[in-house]
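Spelled out, the chains give:
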Amino acid sequence: MRMVVSGADLIFFFFLLLLAGTMNPAASAETPSARNSTEFIRKCCAATLYPGLCYSSLAGYASVVQQNAVELAHVAANLTLARLRSLTSHVSAAGRGTTGLEHAALLDCSDLLDDAVGWARRAEAELKGLGKAVGPEVAWRVSNALTWMSTALTDEVTCRDGFVRVAAGPVKTDVCYRIRKVKKYTSNTLALIHRLGFS
């Protein structure tokens, strides 16, 4: 027997296809655990100086972080390290073709950011091993991570301060803007590490 499909049936069928294509599978599949993880990140980020940036940069890692404060600080440290590396490359490239005070400030800034990358890398390494640490080693690693990340932040501030005597211009504006942005990531990471001592 031959099936007859009416125009109304076809319209309904295509409507269902359209509806299925516009649904957000991630939203519909979100579990209570995933919601709890993002709320955990939001709560932790509320203790930072830049909570909006903190949450927007870390919420995508909820499945990795879950509700683990150590993992959250470790992910934040990795993001800060990546930002610092990118900034260092940018400042180094910006120094080519400059002269005078601008050139000197960029050279000094590049050296300071190289150091900051090293300090941030050390902080990240301390946090990476923190999950398996026991006893006094936990406090020792947190203290080290705080020291290294704080030193990285100091280098960033010193780098920016080196442009005080440089005349206003596109290079100065660009570099100082980028430093301010990275400083926010570093500051947030520092706050999340500091929170480990009170979790």
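Quick note: structure is the one above.
What you are looking at is a predicted structure, and each value in this text was computed from that prediction instead of being measured.

Cut-off values and rules
Every residue gets a number counted from 1 within its own chain, in the order that chain's sequence is written. Restriction of local features to residues with pLDDT of at least 70 applies here, the model being predicted, together with a cutoff of 80 or more for giving and counting side-chain atom pairs; totals for whole chains, interfaces and linings are based on all residues. The side-chain figures draw on all heavy atoms in the structure; neither hydrogens nor water molecules are used. Any two cysteine sulfur atoms within 2.5 Å of one another count as a disulfide. Helix and strand assignments follow DSSP, with helices taken as H or I runs no shorter than four residues and strands as E runs no shorter than two, numbered in order from the N terminus. To sort residues, take the accessible area from a 1.4 Å probe on protein chains only and compare it with the maximum for the residue type: under 20% means buried, over 50% means exposed, and anything in between is partly exposed. Comment: arc refers to directions from the helix axis out to C-beta atoms. Two joining distances apply to patches: 9 Å for like charges and 5 Å for nonpolar side chains (Val, Leu, Ile, Met, Phe, Trp, Tyr), and every residue must have over 30% relative accessible area and no salt bridge. Calculation of accessible area relied on Shrake-Rupley with a 1.4 Å probe; when residues are assessed, cover is drawn exclusively from the protein chains displayed. Just to be clear on terms, a salt bridge is a Lys or Arg side-chain nitrogen sitting within 4 Å of an Asp or Glu carboxyl oxygen. Asp and Glu are treated as the negative residues and Lys and Arg as the positive ones, with His and the ends of the chain left uncounted. Charge coordinates come from a single atom per side chain, which is NZ of Lys, CZ of Arg, CG of Asp or CD of Glu. Orientation is described by axes fitted as lines to C-alpha atoms, over the contacting stretch for helices, and by angles from 0 to 180 degrees between their N-to-C directions. Oblique is the label for every angle not falling under 35 degrees (roughly parallel), over 145 degrees (roughly antiparallel), or within 65 to 115 degrees (roughly perpendicular). Note on contacts: a residue pair qualifies if any of its non-hydrogen atoms lie within 4.5 Å across the two residues. Gly is placed with the polar residues, together with every amino acid not listed as nonpolar (Ala, Val, Leu, Ile, Met, Phe, Trp, Tyr, Cys and Pro) or charged (Asp, Glu, Lys and Arg). For cavity detection a 1 Å grid was placed over the protein atoms alone, and a set of points counts as a cavity when a 1.4 Å probe fits there but cannot get out; an open set counts as a pocket when protein lies on both sides within 12 Å along at least five of seven lines, with lining residues being those that have an atom within 4 Å of a point. Grid points are joined across faces, edges and corners, and a volume is the space filled by probe spheres set on the points. Any Phe, Tyr or Trp ring, taking Trp's six-membered ring, that has another such ring centre within 6.5 Å forms a pair; planes under 30 degrees apart are called stacked, those over 60 apart edge-to-face, and the others tilted. Throughout this description, the term charge over a ring refers to an Arg CZ or Lys NZ atom that lies within 6 Å of the ring centre and within 35 degrees of the ring normal.

(A) View of the state of the cysteines. Under the counting rule described, the total for this entry stands at 2 disulfides. Two residues share a disulfide in this structure: C109 and C159, whose sulfurs sit 1.7 Å from each other. Because the torsion about its S-S bond is -45°, the bridge between C109 and C159 counts as left-handed. Taken together, the residues C109 in helix α7 (residues 100–128) and C159 in helix α8 (residues 136–161) connect sequence positions 50 residues apart. The pair C109 / C159 is uniform in exposure class, with both members buried. For the chain, the bonded cysteines pair up as 1-2, 3-4 when numbered in the order they occur along the sequence. For the unlinked cysteine C44, the closest cysteine sulfur is that of C45, found at 7.0 Å.

(B) Here's a closer look at unusual backbone geometry. Positioned with a positive phi, Q66 is a non-glycine residue whose angle comes to about 55°. With respect to the secondary-structure elements, Q66 resides in the loop between α5 (62–65) and α6 (69–94).

(C) The arrangement of helix α4 (residues 51–58) in detail. Turning to α4, its buried residues are L53, C54, S57 and L58. An end-on view of α4 places all buried positions within 110° of arc, on one side of the element. Exposed residues on α4 whose side chains face more than 90 degrees from its buried face are G52 and S56.

(D) Summary view of a negative patch on the surface. Taken together, the side chains of D108, D111, D114 and D115 make up a negatively charged region of the molecular surface. Counting through the fold element by element, D115 comes out in helix α7. With a relative accessible area of 42%, D115 lands in the partly exposed category.

(E) Spatial organisation of the packing of α4 against helix α9 (residues 170–195). In contact at an axis separation of 10 Å, α4 and α9 are set at 85° when each is read in the N-to-C sense. Between α4 and α9, the interaxial angle falls into the category roughly perpendicular. Residues L53, C54, S57 and L58 of α4 form the contact with α9, whose own contacting residues are K181, K184, Y185, N188 and L192. Residue composition of the contact of α4 with α9, grouped by class: 5 nonpolar, 2 polar and 2 charged.

(F) Representation of empty space enclosed by the protein. According to the stated counting rule, one finds 1 cavity of 30 Å³ or more in the structure shown. As a volume, the largest cavity reaches approximately 60 Å³. Contributions of two or more residues to the lining of the largest cavity are made by α4, α6 and α9. Per-element accounting of the lining of the largest cavity gives the leading share, 4 residues, to α9. The class makeup of the residues in the lining of the largest cavity is 6 nonpolar, 4 polar and no charged.

(G) Highlighting the packing of aromatic side chains. Under the criterion given, the structure shown has 1 aromatic pair. Directly above the ring of Y55 sits R42, whose terminal nitrogen or CZ lies 4.1 Å from the centroid. It is R122 that lies over the ring of W148; its NZ or CZ is 4.0 Å from the centre.

Functional significance is not addressed by these values, which are geometric in nature.
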